[in-house]
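A look at the structure
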Amino acid sequence: SQFIMQFIHNSKLKKYFFAILVFIAFALPLAIALKIVLYSEIDFWYDNARDMLSAWDNLHKPTLIGPTSGIPGIFYGPYWIWLLSVGLLFSKDPRLPTIIAGILPYFIIFPLILFQFSKLFGKKVIVLIWLLFIFTTGMNYATDLWNPHLAPLLFLILVYLLVFTNYSKKGLITYIKIILTGITAGLIINFHISFGLGVLLGILFFFLIDSIRALHNNQKQLKHLILNRFFLLLLLISGVLIAYIPFLLFEYRHGFNQIQTAIHAFTKYGAVVDHKGLTKVEVLQHFFGKQPAALLQFNSLLVYAIELIVLA
């Protein structure tokens, strides 16, 4: 290895070595993903078939709702069905919609957005993050047709908009970014309701903390800053509402049944459905034990020991 590094250092390959590594980091997982899809190794069961049938029907009669959610009477947004319909325009083979709805977003849009963060963390760190993501859960997101699987991509876009927007700077570009932030947050809820609601709450906290910081640093223009931040908040909410136009149209035509169901679900004591998920203890065990153990190929007890050492 020392000989190879010296060879690279003393040759023209040094200039292109990192570019070659980046290409391999992108091309290798892409080849694996295409192999999974083209050789029909993708999962195709009830949810996938149901969504494909809905997408096929959408070509003849456009829908304003998507698949059923975990709460009876509440549906995901229609965007997933619309996206699948694009693939079905060309073929009924589920492999083509998988390429359009999974592989293209995660192997084109995701790396392009992720690479923008190299301004903060450096290119090497971004490449490592990409490899860590795509070889753990990302490959599943790209090759398994399930509407929540687009939420991580939308979340990355949302974080990019939040990080690279100067809220103290006036102008059309800033206002467009704020509206796009709201639209992206609304889309996340349409694709993954529980995750999206948590993200929206986090955005509001982020916006509040950033506003308090701005007000503290510029107390001379207090009234002006308050009005400006209130205006930006309205733009953010407007973006969320834009993403929810299909939902609002559907609710208007059907007596606002989903809204009534949502209010009932949030105010009812106890579980809304009989099916129970992980307990709080199991969530902690999964996050701190099973997932790191699967990633590192270690025993869970060894992972717990490492975490205790790091914590100490």
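In this report, we go over the structure that sits alongside the text. Since the structure is predicted, the reported quantities are computational estimates derived from the model, not experimental observations. (Residues numbered from 1 in each chain as written. Predicted model: local features only at pLDDT ≥ 70, side-chain atom pairs only at ≥ 80, totals over all residues. Heavy atoms only, no water.)

1. Describing the overall build of the protein chain
This is how it is decided: Strands are runs of DSSP state E lasting at least 2 residues, helices are runs of H or I lasting at least 4, and numbering of each runs from the N terminus. Each residue gets one of three labels from its accessible area relative to the maximum for its type: buried under 20%, exposed over 50%, partly exposed in between, using a 1.4 Å probe on protein chains only. Residue contacts follow a heavy-atom distance rule, with two residues in contact if any of their heavy atoms lie within 4.5 Å. Accessibility throughout is a Shrake-Rupley quantity obtained with a 1.4 Å probe, and a residue counts as covered only by protein chains that appear here. His is not counted here, nor are the chain ends, while Lys and Arg score as positive and Asp and Glu score as negative. Charge coordinates come from a single atom per side chain, which is NZ of Lys, CZ of Arg, CG of Asp or CD of Glu.
When its secondary structure is counted, the protein chain shows 15 helices and zero strands. Taken over 312 residues, the protein chain has a buried fraction of 34%. When contacts within the protein chain are restricted to residue pairs at least 6 apart in sequence, those whose partners lie at least 24 apart make up 66%. Total accessible area on the protein chain is roughly 19700 Å²; 72% of this is exposed by carbon and sulfur atoms. Seen as two clouds, the 23 positive and the 12 negative side-chain charges of the protein chain have centres 19 Å apart.

2. Thoughts on the nonpolar core
Here is a general trend for soluble globular proteins: nonpolar side chains tend to be buried in one another's company. Note the cut-off: In these notes, a set of buried Ala, Val, Leu, Ile, Met, Phe, Trp, Tyr and Cys residues joined through side-chain atoms within 4.5 Å is what counts as a nonpolar core.
Grouped together as the largest cluster of nonpolar side chains are 52 residues, with contacts concentrated most on W80, Y106, F107, F110, W130, L158 and I203. The leading source of residues in this core is helix α5 (residues 95-115), at eight residues. Setting aside residues up to four positions removed in sequence, W80 forms contacts with D51, P67, A101, L145, W146, N147, L150 and F191.

3. Considerations on a nonpolar patch on the surface
Applicable threshold: Exposure above 30% relative accessible area and the lack of any salt bridge qualify a residue for a patch; like charges then connect within 9 Å, and the nonpolar side chains Val, Leu, Ile, Met, Phe, Trp and Tyr within 5 Å. Salt bridges, as used here, are contacts in which a Lys or Arg side-chain nitrogen is within 4 Å of a carboxyl oxygen on Asp or Glu.
Together, Y16, F17, I20, L21, F23, I24, L28, I32 and F135 make up a nonpolar patch on the protein surface, roughly 830 Å² of accessible area in all. The exposed category is assigned to F23, whose relative accessible area is 57%.

4. A short note on helix α14 (residues 280-296)
For clarity, the cut-off: Here, expected helix span is obtained from the residue count minus one, scaled by 1.5 Å. Note on bend: at a given residue it equals the angle between the axes fitted to the 7 residues ending there and to the 7 starting there.
In this model, α14 (17 residues) spans 24 Å end to end at C-alpha, consistent with the 24 Å of a helix rising 1.5 Å per residue. H286 marks the point of greatest bend in α14, at about 40 degrees. Within α14 the residues assigned to the buried category are G289, P292 and A293. Of the residues trailing α14, Q297 is marked for its positive phi of about 60 degrees.

5. Things to note about the packing of aromatic side chains
What counts is decided by this rule: Under the pairing criterion, centres of Phe, Tyr and Trp rings, with the six-membered ring standing for Trp, must be within 6.5 Å; the plane angle then separates stacked pairs below 30 degrees from edge-to-face pairs above 60, leaving the rest tilted.
By the definition in use, this model includes 19 aromatic pairs. Look at F155 and F195: their rings are 5.5 Å apart centre to centre, the planes differ by 65 degrees, and that puts the pair in the edge-to-face class. Here F195 lies in helix α10 (residues 193-217) and F155 lies in helix α8 (residues 151-163), a separation of 40 residues in the sequence. Relative to F206, the ring of Y167 lies with its centre 6.2 Å away and its plane at 70 degrees, an arrangement referred to as edge-to-face. Of this pair, Y167 sits in the loop between α8 and α9 (172-191) while F206 sits in helix α10, and the two are 39 residues apart along the sequence. A residue is classified by how much of its surface remains accessible, and Y167, at 6% relative accessible area, is buried. Among the aromatic side chains, those forming a connected cluster through ring pairs are F26, Y106, F107, F110, W130, F133 and Y141.

6. Side note on the environment of H192
Turning to its location among the elements, H192 is positioned in the loop between α9 and α10. Setting aside its immediate chain neighbours within four residues, H192 contacts Y76, P148 and A151.

7. Description of the layout of surface pockets
Rule in force here: Site definitions follow a grid-based scheme: protein atoms alone, a 1 Å grid, a 1.4 Å probe that fits but cannot get out for cavities, and for pockets an open set with protein on both sides within 12 Å along at least five of seven lines, plus lining residues having an atom within 4 Å of a point. Grid points are joined across faces, edges and corners, and a volume is the space filled by probe spheres set on the points. Classification convention: Asp, Glu, Lys, Arg as charged; Ala, Val, Leu, Ile, Met, Phe, Trp, Tyr, Cys, Pro as nonpolar; all other residues, Gly among them, as polar.
By volume, the largest pocket is sized at about 1200 Å³. Taken together, 39 residues form the lining of the largest pocket, with I189, H192, I193, S194 and L197 sitting closest to its centre. Secondary structure elements with two or more residues in the lining of the largest pocket: α7 (123-143), α8, α9, α10, α11 (222-243), α12 (245-253) and α13 (257-267). Per-class residue counts for the lining of the largest pocket are 29 nonpolar, ten polar and no charged. The volume enclosed by the second largest pocket comes to roughly 570 Å³. The wall of the second largest pocket is formed by 21 residues, among which L132, F133, T136, T137 and Y141 lie closest to the centre. At the level of elements, α5, α7, α8 and α14 are the ones that each hand at least two residues to the lining of the second largest pocket. A total of seven residues in the lining of the second largest pocket trace back to one element, the largest contributor, which is α7. Of the residues that constitute the lining of the second largest pocket, the class distribution is 17 nonpolar, four polar and no charged.

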